[in-house]
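# Notes for the structure review
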Amino acid sequence: MVDKENRPLYTRLALRLLHVYFSFVRSMTVGVRAACFDAEGRIFLVRHSYIGGWHMPGGGLERNETVEEALVKELREEGNLRIIGKPRLFQVYFNTTTTRRDHVVFYRATVEQTAPRPPDWEISDSGFFSLDSLPEGTTKATHRRLAELRGEQEPDHRW
């Protein structure tokens, strides 16, 4: 897993510039992520091209977009996933990994994949994984969220 200190310099600079830009156009940023499970109980994870590790899919909200609209859009874009039923809101986290003004709205969802998700410039790899054999490099935050979902630890308020 690549932590934020071990990211390439160009990645750190690009992310920093993005957050400086957002600090001028938005006083706070809000993102959405989901623990997406298929009918077999496997979780869907993605590996981004611009940051290390395996993550649960998600992304930032755009102007005039609800949290659930963003969730549907991000799951479709990052995994060709369709939500079955209603996603369950689990927790809202304060994410201080990059800035001190980001919040993550976290859901649990049952999904189906409508087509395989080929790699592209944003998502370098993705797939469903059994909870007892997550890929090497699964982020600490992903492990914490799964422990919270299983009731093994109390939900934290920080991502």
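An account of the accompanying structure is given in this report. Note that this is a predicted model, so its numbers are computed, not measured.

Here we take up the nonpolar core. The nonpolar side chains of a soluble globular protein tend to be buried with one another. Within the largest apolar cluster, 17 residues are counted, with the highest numbers of intra-cluster contacts made by Cys36, Leu71, Leu75, Leu81 and Val111. For this core, the secondary-structure elements that each account for two or more residues are strand 1 (29-37), strand 2 (43-48), helix 2 (67-79), strand 5 (81-95), strand 6 (102-113) and strand 7 (123-129). For this core, the element with the highest residue contribution is strand 6, accounting for four residues. Non-local contacts of Cys36, meaning those with residues more than four positions away in its chain, are made with Arg42, Ile43, Phe44, Pro57, Leu75, Leu81, Ala109, Val111 and Phe128. Grouped together as the second largest cluster of nonpolar side chains are 15 residues, Phe90, Tyr93, Leu146 and Trp159 included.

A complete count under the given rule lists six aromatic pairs for this structure. Their ring planes at 65 degrees and their centres at 6.1 Å tell us that Tyr93 and Phe106 sit as a pair that is edge-to-face. With Tyr93 in strand 5 and Phe106 in strand 6, this pair connects stretches of sequence that are 13 residues apart. Given a relative accessible area of 0%, Tyr93 falls into the buried group. Using a relative accessible area of 0% as the deciding quantity, one classes Phe106 as buried. Cluster of aromatic residues (ring-pair linked, three or more members): Phe90, Tyr93, Phe106 and Trp159. Sitting over the face of the ring of Tyr93, Arg145 holds its NZ or CZ atom 4.3 Å from the ring centroid. For the cation-ring pair, Arg145 lies above Trp159, with the distance from its terminal atom to the ring centre recorded as 4.8 Å.

Rules behind the numbers
Residues numbered from 1 in each chain as written. Predicted model: local features only at pLDDT ≥ 70, side-chain atom pairs only at ≥ 80, totals over all residues. Heavy atoms only, no water. Core = buried A, V, L, I, M, F, W, Y, C linked by side-chain atoms within 4.5 Å. Buried < 20%, exposed > 50% of the residue type's maximum accessible area, 1.4 Å probe, protein only. Helix = DSSP H or I, 4+ residues; strand = E, 2+ residues; numbered from the N terminus. Contact = heavy atoms within 4.5 Å. Phe/Tyr/Trp six-rings, centres within 6.5 Å; stacked < 30°, edge-to-face > 60°. Lys NZ or Arg CZ within 6 Å of the ring centre and 35° of its normal.

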